[in-house]
Amino acid sequence: MVKREIDIAVIGGGAAGLAAAIKAKEKGIENIVILERNEELGGILPQCIHTGFGLSYFKENLNGPEYISRFIKKVEDLQIEYKLNTMVLEITAGKKITAVNSIDGLLELQAKAIVLAMGCRERTRGALGIAGTRPAGILTAGTAQRLMDIEGYMPGAKVVILGSGDIGLIMARRFVMEGAKVEAVVEILPYASGLSRNVVQCLEDFNIPLLFEHTITTIHGTDRLEAVTVAKVDADWKPIQETERTITCDTLILSVGLIPENELSQSAGIVLDSATGGPIVNEYMETSVPGIFGCGNVVHVYDLVDHVTQAGELAGESAARYVLNELPPLRKKLALKAGDNVKSVVPQIISSEEPVTLHLRAKKPMRNVKVKVGNLIIPKRVVRPPEMVVVNLTERTLEKLKKEDELEVSIGEEAGP
Amino acid sequence: MKKKEVRVVTCIICPVGCRARVTIENGKISKIEGLECPRGEEYVTGELEAPVRDFFTTIRIKGAMTPILPVRSTQPIPKDKIMDCILELASIVVDAPIKAGDIIVKNPLGLGVNVIATRDMDQAKKGENSAYLAKS
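## Observations regarding the overall build of chain B
Okay, so step 1: Counting its secondary structure elements, chain B contains 2 helices and 10 strands.
Okay, so step 2: Its C-alpha atoms give chain B principal-axis dimensions of roughly 70 × 35 × 20 Å.
Okay, so step 3: Sequence-distant contacts, at least 24 apart, represent 48% of the contacts inside chain B between residues at least 6 apart.

## Things to note about the nonpolar core
All names here are of chain A.
Okay, so step 1: In terms of nonpolar packing, the biggest core is built from 102 residues, with I8, A20, V115, C295 and A319 touching the most fellow members.
Okay, so step 2: Broken down by element, the residue count for this core peaks at 9 residues, all from helix α7 (residues 305-323).
Okay, so step 3: In this structure, A172, A192, V228 and V230 belong to the second largest nonpolar core, which totals 37 residues.

## Concerning the interface of chain B and chain A
Okay, so step 1: Each partner contributes residues to the interface: chain B has 23 residues there, and chain A has 23 residues.
Okay, so step 2: Contributing elements (two or more residues each) for the side of chain B that touches chain A: β5 (56-62) and β6 (68-73) of chain B.
Okay, so step 3: Here the side of chain B that touches chain A is composed, by residue class, of 11 nonpolar, 7 polar and 5 charged.

## Remarks on the sheet that holds strand β2 (residues 19-25) of chain B
All names here are of chain B.
Okay, so step 1: Here we have 3 strands laid out as an open sheet, ordered β1-β2-β3, and antiparallel in their pairing. Both outer strands of the open sheet, β1 (4-10) and β3 (28-33), are each paired with one neighbouring strand and no more. Along the sheet, successive strands turn relative to each other by an average axial angle of 25°, direction set aside.
Okay, so step 2: Pairing of β1 with β2 involves 7 bridges; the strand directions are antiparallel. Its bridge partner lying in β2, T10 is registered against R19.

## Some words on the sheet that holds strand β25 (residues 366-373) of chain A
Okay, so step 1: If you walk across this open sheet you meet the 5 strands as β23-β21-β28-β25-β26 (chain A), and the pairing is mixed. Looking at which strands have only one partner, the edges of the open sheet turn out to be β23 (349-350) and β26 (376-383) of chain A.

## Details of the pairing of strand β21 (residues 334-338) of chain A
Residues and elements named next belong to chain A.
Okay, so step 1: Of the two faces of β21, only one is covered, namely that formed by L334, L336 and A338; the face formed by A335 and K337 stays uncovered.
Okay, so step 2: Two strands pair when backbone bridges link them, and β21 and strand β28 (residues 406-413) are joined in this way by 4 bridges, in the parallel orientation. Within the sheet, the bridge partner assigned to L336 lies in β28 and is L407.

## Details of the domain arrangement of chain B
Okay, so step 1: Partitioning chain B into structural domains gives domain 1 (4-49) and domain 2 (56-117).
Okay, so step 2: The C-alpha centroid of domain 2 of chain B is placed 32 Å from the C-alpha centroid of domain 1 of chain B.

Each value, and the rule that gives it
- For every chain, the first residue of its written sequence is number 1, and the numbers climb from 1 along that sequence.
- The order in which chains are written sets their letters, starting at A; the order in which ligands are written sets their numbers, starting at 1.
- Restriction of local features to residues with pLDDT of at least 70 applies here, the model being predicted, together with a cutoff of 80 or more for giving and counting side-chain atom pairs; totals for whole chains, interfaces and linings are based on all residues.
- Note on conventions: DSSP H or I runs of at least 4 residues are helices, E runs of at least 2 residues are strands, and numbering of each starts at the N terminus.
- Here, residue contact means that the backbone-derived C-beta atoms of the two residues sit within 7 Å.
- The term nonpolar core refers to a set of buried Ala, Val, Leu, Ile, Met, Phe, Trp, Tyr and Cys residues connected through C-beta atoms within 7 Å.
- As a rule, residues whose C-beta atom has 12 or fewer other C-beta atoms within 10 Å are exposed, those with 20 or more are buried, and those in between are partly exposed; C-beta atoms are placed from the backbone.
- Three categories are distinguished: nonpolar for Ala, Val, Leu, Ile, Met, Phe, Trp, Tyr, Cys and Pro, charged for Asp, Glu, Lys and Arg, and polar for the others, with Gly belonging to the last.
- Strand pairing is defined by DSSP finding a minimum of two bridges between the two strands.
- Here an axis means a line fitted to C-alpha atoms, over the contact stretch when the element is a helix, while the angle between two N-to-C directions is reported on a 0 to 180 degree scale.
- Segmentation into domains, and thus their bounds, comes from an automatic or database assignment.

Structure (structure tokens):
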């Protein structure tokens, strides 16, 4: 067994983890190791061959492989150590990491700080409870993306997509481009879960019908998927039987949500937020265990990789400051609680006076709203669940904030003139 | 006789997502309603007169760790040329190694853009065991 002492361990070599490692190294930390279970760095980005990445971070329109290769190159240039094909089995509150790979065998790392950057995974059929048989041909959008855009396989010819999340919309376009027919995208909500840019450019451009307030009630087929039954739903999301109809297809793609991957966080006893599914963090991205930081989709699911990179940089910088003993002592803890029309807010805790950026997820779309953070009011023209609401609190606004133990964050209608 | 039609275009410039009702008379835009800003007007006009899209797909590659290479166009191309361009690239096979930015196809269909590789693809070493099982 290999035993080593290191300064910072970064768990996961995707957009968040690479940004964290780079920032920590730039802050003067020498002994950093990135642990990655895939056979290359980059996380999900190598399979995201569509453009639209980096518009905010680089002011350039890149695709996934191009965006992430800039960070991989920087990791190489800064000679940051990384271990591929390496599965982390456990982390402890004492920051001991147990991992395994085929070169080192069992690996035990004692770190001074840990950055959690494990990302998220997709909800599968099991989480939905759709009735019917269990044939081949039902896969998540991300799996289809990996098969088509990295491994070079075509998963099917006649496709139905359940859920209008961004990856599902993007795969609808890819399926059409590769010669398949996409029969419909079925969405239980009255609005799309993905960005409107993707609704226009992935569905409308290719005349793919988007069925709102519809769901799939039955799956048909024995060896291979043969058809799905779709139905309109009522206000309580209950299928209306008279509206049922069958669509012939050989492939069902699920794009029904992402879940932060936190088994390792739980093994370290880190407190999770039931609204985000990720660790509760403060403005330094520090979790409930001192010296363990989190960033990216493991904390809460982002819609833009540019924001994931920024969160990674913040967590990496904080981890470096922790190792160097430069992190300011935590003063009063203000807990941020999600109020009206707010599904979640990150960070969940503010503990000092330094500027902080809040990321909120709205529950439902609204126009001309005011976002309230305690006694502060920030007007916004529109909030939509697919796009995170970003609120920057400067030192000056923080001064105006009434320091109660708990602050409610809510989104409400603007009072009329 | 005057030909008049109304089309609805969703603006994608910002998260507000205005839905513009555009009146077209004799092939010319005569009225745009429902937009909240001038940037939207520019987008909607372009979208109706000459819509363009970023173009990206994959092509086959031999001798690399994976059997396909992601590529994109250097500039957006006309929306109605996307499927033609996809077919134009369907038969192309390149050999590893490839560097990101390498021109894969010069000026396809005379569109005035190049199609470039978007990632490095090293040659797979002999006996290298890839989970991707490159079968080329």
